[in-house]
Amino acid sequence: MKIYMNDRLVDRKDAKVSVFDHGLLYGDGIFEGIRLYDGCIFKLDAHLERLEFSAKAIMLPLPWSRAALTEAICETCRANKLKDGYIRLVVTRGEGSLGLSIKNCEEPQLIIIADKIQLYPEEFYKNGLKIITVPTRRCNPSALPPAVKSLNYLNNILAKIEAQHLGYHEAIMLNDQGYVAECTGDNVFVIHKGKLITPAASAGALKGITRATALEIADKLNLPWEEANLTRYDIWVANELFLTGTAAEIIPIVEVDARPIGDGKPGPITAKFLAAFHAIVTKDGTLI
Ligand code: PXG
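Residues numbered from 1 in each chain as written. Predicted model: local features only at pLDDT ≥ 70, side-chain atom pairs only at ≥ 80, totals over all residues. Heavy atoms only, no water.

Asker: Can you explain the packing of aromatic side chains? Please cite residues and give values.
Answerer: The tally for this structure, following the rule as stated, stands at six aromatic pairs. Note on Y120 and F124: the rings are 5.5 Å apart at their centroids and 55° apart in plane angle, and the pair reads as tilted. Comparing Y120 with F124, the two get one shared label, buried. An aromatic cluster is built from Y37, F42 and F277, whose rings are joined through pairwise contacts. (Phe/Tyr/Trp six-rings, centres within 6.5 Å; stacked < 30°, edge-to-face > 60°. Buried < 20%, exposed > 50% of the residue type's maximum accessible area, 1.4 Å probe, protein only.)

Asker: Please provide a residue-by-residue account of the site of the ligand, values included.
Answerer: Around the ligand sit 19 residues in total, of which Y153, E182, I209, T210 and T246 are the nearest. Taking Y153, its side chain carries an N or O atom lying 2.4 Å from an oxygen atom of the ligand. Between the ligand and E182, the relevant distance is 2.6 Å, taken from a nitrogen atom to a side-chain nitrogen or oxygen of the residue. Protein chains shield 83% of the accessible area of the ligand, which is 550 Å² for the free molecule. Of all the cavities here, the one that holds the ligand is the largest pocket. Secondary structure elements with two or more residues in the shell around the ligand: β5 (85–92), α6 (209–220) and β13 (240–245). Within the shell around the ligand, the residues separate by chemical class into five nonpolar, nine polar and five charged. Both domains that furnish three or more residues to the shell around the ligand are identified here as domain 1 (2–115) and domain 2 (122–283). (Near = heavy atom within 4 Å. Polar contact = N/O pair within 3.5 Å; in protein donor to acceptor, adjacent residues only side chain to side chain. Areas by Shrake-Rupley, 256 points an atom, 1.4 Å probe, with all protein chains shown as cover. 1 Å grid on protein atoms, 1.4 Å probe; cavity = no way out; pocket = protein on both sides within 12 Å on 5 of 7 lines; lining within 4 Å. Sits in = over half its atoms within 2 Å of the grid points. Helix = DSSP H or I, 4+ residues; strand = E, 2+ residues; numbered from the N terminus. Nonpolar A, V, L, I, M, F, W, Y, C, P; charged D, E, K, R; others polar. Domains from an automatic or database assignment.)

Asker: Could you give an account of the pattern of salt bridges, naming the residues involved and the relevant values?
Answerer: Where charged atoms from two side chains of opposite charge approach closely, those side chains can pair. This structure, assessed with the given rule, holds 16 salt bridges. With a closest N to O distance of 3.0 Å, E216 and K43 form a salt bridge. Residue E216 is found in helix α6, and its partner K43 is found in the loop between β4 (40–42) and α2 (44–57); the two are separated by 173 residues along the sequence. The class of E216 is partly exposed, set by a relative accessible area of 35%. For K43, a relative accessible area of 13% gives the class buried. The salt bridge partner of K130 is E255, with a shortest N-O separation of 3.9 Å. With a gap of 125 residues between them, K130 in strand β7 (residues 129–133) and E255 in strand β14 (residues 249–256) connect regions that are remote in the sequence. (Salt bridge = Lys/Arg side-chain N within 4 Å of Asp/Glu carboxyl O.)

Asker: So what about the nonpolar core? Which residues, and what values?
Answerer: Formed by 38 residues in total, the largest nonpolar core has its most connected members in L196, I251 and F273. With near-sequence residues (within four places) excluded, L196 lies in contact with F189, V190, I191, A214, L215, A218, L223, P224, W225, E226, F242 and F273. Y4, L36, I73 and C77 belong to the second largest nonpolar core, which has 24 residues in total. (Core = buried A, V, L, I, M, F, W, Y, C linked by side-chain atoms within 4.5 Å. Contact = heavy atoms within 4.5 Å.)

Asker: Pulling in residues and values, what's your account of the layout of surface pockets?
Answerer: Here the largest pocket defines a volume of roughly 800 Å³. Residue lining of the largest pocket: 36 residues in total, with Y86, R88, K149, Y153 and G185 positioned closest to the centre. When contributions to the lining of the largest pocket are tallied by element, the ones reaching two or more residues are β3 (29–37), β5, α5 (154–165), β9 (180–183), α6 and β13. Taken together, the residues that form the lining of the largest pocket break down as 15 nonpolar, twelve polar and nine charged. Mapped onto the lining of the second largest pocket, the elements with two or more residues apiece are α2 and α6. Per-element tally for the lining of the second largest pocket: the top contributor is α2, with six residues. (Points joined across faces, edges and corners; volume = space filled by probe spheres on them.)

Asker: Mind laying out the state of the cysteines, listing which residues take part and the relevant values?
Answerer: Applying the stated rule across the entire model yields zero disulfides. Here C139 is not disulfide-linked; the sulfur of C183 is the nearest cysteine sulfur, at 16 Å. (Disulfide = S-S within 2.5 Å.)

Asker: Lay out the sheet that holds strand β6 (residues 109–115) with the relevant residues and their values.
Answerer: A sheet is described by the order of its strands in space; here seven strands give the open sequence β2-β1-β6-β5-β3-β4-β16, paired in antiparallel fashion. The sheet is open, and its two edges are formed by β2 (8–11) and β16 (285–287), each paired on a single side. With strand direction ignored, the average angle separating the axes of adjacent strands in the sheet is 30°. This element, α2, spans β3, β4, β5 and β16 of the sheet and lies at about 175° to β3. (Pairing = 2+ DSSP bridges. Axes fitted to C-alpha atoms, helices over the stretch in contact; angles between N-to-C directions.)

Following this line, the structure appears as C-alpha cells:
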C-alpha cells in the first residue's frame, strides 16, 4: 500500500510521523473522510472546502492548494489501484516543542490514506439499526466548535464506548441544553408528519457532506425540510428516523432508547432516500 506523505507517495512501512507532531501530542489537526465509488470521488470539493474551513477555524495555514490536494488524492487512489473505498485526508499541526504553543510548528504534515472500507452489514440497511442516547454530551460549540473536523475525537469516542458497552453500534449525543446534536460519527434526521427535520450545526452537529446530500434529495423528492431543535421526545415519536455519514451512507433507525420508531421497521420515505443516494454517488464525483 502507498501512502501520500506531504509531497510524495511512500510505502506504508515508511509512512511515519514525528513523536513531536502536535497532531499526536494534542490532537491538533484536522481531517476528512471521503468515499470513492466506481472511480469517482464523491463530493470532493465540498470535503476540501470543509477542510479549508476547519483549517481556518484552528488557524492552521494550509500550504497546499485545492487543486494540489485534489491531484494528490487522485494519485493516491490510482497508485493503490482503488476503484471503491475510503480516503482519509489528515493534516496535522506538524512537529513542535513540548508545549501547547503552535509557534514552533512550522511545517503542517499531510497524510492521505486510500483503502477499502468496512461497511455496516447489509442487514442494518434492510432491517434498520437500534440505537440509544448516551450520557456523554456533545462539546459545547463555544468550547470546541463541532463544525471543526479536528483530530480531537475523544468526545465522540467516549460516547461510542458507552454505546458499545451497552451492545449498540451508534448513539445519539445531546448538547448541553439537552437537545439532540448528532450521533458519534453520523448526523440525525427525523421524518415526522411529512417533514424532514435535522438539528442545525449550532445545536452541535457537524455540517455533514452526506447530511447536505440528504437535504438535496429532500428537495428532489419535494419533501419539506427544516433545521430545528429536537428533543428525545421528538425522536421517540418520529414516524421515521435515519442517520447519514460518509461511512454509513444513509442508515434506517428502527429503535431508540427501547422505543420502536414508527412500526419498528425501516420507513418508506427512508427507503426513497437510500435509493436516491445510491443513484447519485457515482454521478456527483471527481474522476480519479
Ligand atoms: N458527525 C460527526 C461527528 C462525524 O464525525 C458525520 C457527522 C457525518 O459527516 P459526513 O461529512 O461524513 O457526512 C461525521 C463524519 C468513523 C468515522 O470511523 C466517521 C466519520 C468520520 C471519520 C470516521 O465512523 N464521520
